[in-house]
Amino acid sequence: MASVSSQPQFRYTQPPSKVLHLRNLPWECTEEELIELGKPFGKVVNTKCNVGANRNQAFIEFADLNQAIAMISYYASSSEPAQVRGKTVYLQYSNRQEIVNNKTTADIAGNVLLVTIEGQDARLVSIDVLHLVFSAFGFVHKITTFEKTAGFQALVQFSDSETATSAKNALDGRIIPRYLLSDNVAPCTLKITYSAHTDLSVKFQSHRSRDYTNPYLPVAPSAIDGSNQFSLGLDGKKLEPESNVLLASIENMQYAVTLDVLHMVFSAFGPVQKIAMFDKNGALQALIQYPDVQTAIVAKEALEGHCIYDGGFCKLHLSYSRHTDLSIKLNNDRSRDYTIANPAMVTPQPSALGQQPVQTMGQAGHQYNGTQYTAPGMGQPMMPPQPSAGWGTSAVPAVPQSMPVQMINHNPYVPPASMPQMSHGMMQMPPGQSGVPPPASTMPYFRPNHM
DNA sequence: AGCACA
C-alpha cells in the first residue's frame, strides 16, 4: 500500500489548506511582499513573515481554499518559480488551517507607549523626569502615570507611531540616566510596549498626568495644596512650593554669566518673560520668570546642578521663588522684561553676546502655546554661549582654544563630570548620542536601521 | 528549502 508517510512534516503532498507555507524567503521579507505574491490568486486575508529560526519562512492565508489551490497549482506547473526579490520561494499547503497571529496590542505600533518603570524606587520617578527622557525623541503630548499590579506605569503620547517607535527602540530595557535621579534612588529600568490608546485624556496638570499641548489646562487642586506626594521630591524631601519663577544661584562662577547667557539657557524650556540678576552674599543670583509653573518645573528639573560651561564652571542651583511676577523697573544688564517689545531695549551690552540678543528677543511677548513650545532638549538654544561670548572679554583669563569647541559639542544638560559614567552606563545610545536629549539642531531623531 | 513559542 502506498501509504502516507509516518512523518507528516515531510510528506510530498499536504492536504489542501487556505494557508500556504513559504520557505526560502529573502531576509526580512515584508508582509507587503507576501500580499503582492498572493494577490493574483485571491484575497490574502492574513500573513505571517519572518518565521522560523532563520526567519526566512512565512505563511499566507487566503480568504478561500480555492484561491490557495489556484496558487499552488499555478506554480506547480509554471516554468517560472514563485519569487520574492528575485529569490525563488517554495510553496506548499500549510499543515494548519489558519494563521494564528500572536500579535497582541503590545506589538502593534501606535503613538502611545506603555512604560513600566521597574526598580526599587520606581515610584520616586517623577513625571517630569519621564518627560525629559522621552522628549529626546520628539514632542511629548501627554503623560499619565498610574499604579497597576505591574508596578508603576506611565502612558506617554507622541504625535505619531514613528516617533513613539524611535523612543521605544532606544529606551526599552534601558535605565533612566542616573543624573536625572537623586543619588539615593535605585536604578530604574524602562520596559516599553505600545499602548492601544491613541489620545490620552488629561483633565488636569497634576503629579500623575500632564498635557504638554495645553499649558493652560487647570492644575489639579491636589497638586497645589502641598498635602500630597506632589510636594515630595525624588528623595522624599519636602520641596518648596512650585512657582513660575525660578531662583538661580550660580556656583563656581569662573566665567561671566550675563543676562543673555541666562536667557539663552532658560529659553530652551519655554519663553522667558523676565530675568532679574543680583548679588547675594557675594554670589550671583537670578530670578527667571516663565509664564507658567509647568515650564519652570521642567526647566528646574533639567538644569538643577548642571553647569553652564564645561569643566564644572557656573554650576546652577535652582529653587522656586516666592515671586510670581517680577517687577522690572528698567531694562539694563542685570534685569530685563522680555515681554515688552521695545527695540530700544535691544541694545546689547558691549561685551557679551553682542550678536545674539536680537534673536532671543524674538520670543518676547509671544504666547506660550503647544505648537510653539519646544520640548527640552529638542529645541532652541540651550547651547552654551558662543565662544566669543562668555569670555575673551573682560577679566577672564585666557582660555585654551579647545575649550569652546568642547563646550559646544557638549550636551549642556549633562554635568560634565557625569559624562564618563554615562558612557559605561545605563542608557546606551547609538553613536553620537549621549544619554540625554541633545538639541534638535544637532540630533536627528533616532531612527534605527535607517541611513 | 520543510510549519509559527504564545
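Check the entry above for the structure.
Attention in this report is confined to the structure presented alongside it. Each chain has its residues counted from 1, following the order in which its sequence is written. Lettering of chains starts at A and numbering of ligands starts at 1, both following the order in which they are written. Only residues with pLDDT of at least 70 get local features here, since the model is predicted, and only at 80 or more are side-chain atom pairs given and counted; chain-wide, interface and lining totals rely on the full set of residues. Think of the side-chain values as coming from all heavy atoms in the structure, minus any hydrogens and water.

1. Here we look at the protein's contact with DNA strand B
The full set close to DNA strand B counts 21 residues, and Arg 23, Asn 24, Gln 92, Tyr 93 and Ser 94 are the nearest of them. For DNA strand B, the fraction of protein-proximal atoms (within 4 Å) that sit in sugar or phosphate groups is 45%. For the purposes of these results, a polar contact is taken to be a pair of N or O atoms within 3.5 Å, where, inside protein, one atom must be able to donate a hydrogen and its partner to accept one; residues adjacent in sequence count only when each atom of the pair is a side-chain atom. Contact distances for DNA strand B include 2.4 Å between a base nitrogen and a side-chain N or O atom of Arg 23. Within the contact set of DNA strand B, a base oxygen lies 2.9 Å away from a side-chain nitrogen or oxygen of Ser 94. If you tally residues by element for the surface near DNA strand B, the top one is strand β6 (residues 90-93), at 3 residues. Residue polarity follows a fixed list, in which Ala, Val, Leu, Ile, Met, Phe, Trp, Tyr, Cys and Pro are nonpolar, Asp, Glu, Lys and Arg are charged, and the others, Gly among them, are polar. Taken together, the residues of the surface near DNA strand B sort by class into 7 nonpolar, 9 polar and 5 charged. It suffices for a single heavy atom of a residue to lie within 4 Å of a molecule or strand for the residue to be listed as near it. A helix here means a DSSP run of H or I that spans at least four residues, while a strand means a run of E at least two residues long, and both kinds are numbered starting from the N terminus.

2. Topic: unusual backbone geometry
Note: most residues except glycine have negative phi, and most peptide bonds are trans. Even without a glycine there, the phi angle at Arg 85 is positive, about 50°. Since its relative accessible area comes to 51%, Arg 85 is described here as exposed. Working definition: with a 1.4 Å probe on protein chains only, accessible area under 20% of the residue-type maximum means buried, over 50% means exposed, and in between means partly exposed.

3. Notes on the pairing of strand β13 (residues 274-280)
Across 7 bridges, β13 lies against strand β14 (residues 283-289) in antiparallel orientation. For Phe 278, the partnering residue across the bridge sits in β14 and is Gln 285. Alignment of β13 against strand β17 (residues 335-337), held across 3 bridges, turns out to be antiparallel. Residue pairing for β17: Ile 275 is matched across the bridge by Arg 336. Note on pairing: DSSP must find at least two bridges between two strands before they are called paired.

4. Describing helix α2 (residues 65-77)
Given a rise of 1.5 Å per residue, 13 residues ought to cover 18 Å, and the 19 Å separating the end C-alpha atoms of α2 matches this to within 8%. Where α2 is concerned, the buried positions are Gln 67, Ala 68, Met 71 and Ile 72. The arc enclosing the buried residues of α2, seen along the axis, measures out at 135°, which places them on a common side. Away from its buried face, by an angle of more than 90 degrees, α2 presents the exposed residues Asn 66, Ala 76 and Ser 77. Turning to α2, the residues buried within the fold contact β1 (19-23), α1 (31-38), β3 (57-62) and β6. Multiplying 1.5 Å by the residue count of a helix minus one yields the expected span of that helix. Starting at the helix axis, one direction is taken to each C-beta atom, and the arc is that of these directions. Contact between two residues is taken to exist if any of their heavy atoms lie within 4.5 Å; hydrogens are not considered.

5. What to know about the side chain of Asp 337
As for its position among the elements, Asp 337 is in strand β17. Despite its burial, Asp 337 pairs with no opposite charge; the closest candidate is Lys 274, at 4.0 Å N-O. Polar side-chain contacts of Asp 337 include one of 2.4 Å to the side chain of Thr 339. By the counting scheme adopted, Arg and Lys are positive, Glu and Asp are negative, and His together with the chain ends is not counted. The term salt bridge refers to a side-chain nitrogen of Lys or Arg lying within 4 Å of a carboxyl oxygen of Asp or Glu.

6. With respect to the sheet that holds β3
Reading across from one edge, β2-β3-β1-β6 is the order of the 4 strands in this open sheet, with antiparallel pairing throughout. Pairing within the sheet leaves two strands with one partner each, and these edge strands are β2 (44-51) and β6. With direction set aside, neighbouring strand axes in the sheet form an average angle of 20°. Here 4 bridges tie β1 to β6, and the two strands are oriented antiparallel to one another. Among the inter-strand pairings, Arg 23 is bridged to a residue of β6, identified as Tyr 90. For helices, the fitted line uses only the C-alpha atoms of the stretch in contact; every axis is such a line through C-alpha atoms, and the angle between N-to-C directions lies from 0 to 180 degrees. On the sheet, α1 packs against β1, β2 and β3 and is oriented at approximately 130° with respect to β2. Contacting β1, β3 and β6, α2 crosses the sheet at an angle of about 140° to β6.

7. Considering the pattern of salt bridges
Oppositely charged side chains can form a pair if their charged atoms are brought close together. This structure, assessed with the given rule, holds 10 salt bridges. Here Asp 199 makes a salt bridge to Lys 142, at a shortest N to O gap of 3.0 Å. Highlighted residues: Asp 199 in the loop between β10 (189-194) and β11 (209-211) and Lys 142 in strand β8 (residues 140-148), separated in sequence by 57 residues. Among the residues examined, Lys 142 registers a relative accessible area of 10% and is labelled buried. With a shortest N-O distance of 2.9 Å, Asp 279 and Arg 334 are connected by a salt bridge. Residue Asp 279 is found in strand β13, and its partner Arg 334 is found in the loop between β16 (313-320) and β17; the two are separated by 55 residues along the sequence. Judged by relative accessible area, which is 51%, Asp 279 ranks as exposed.

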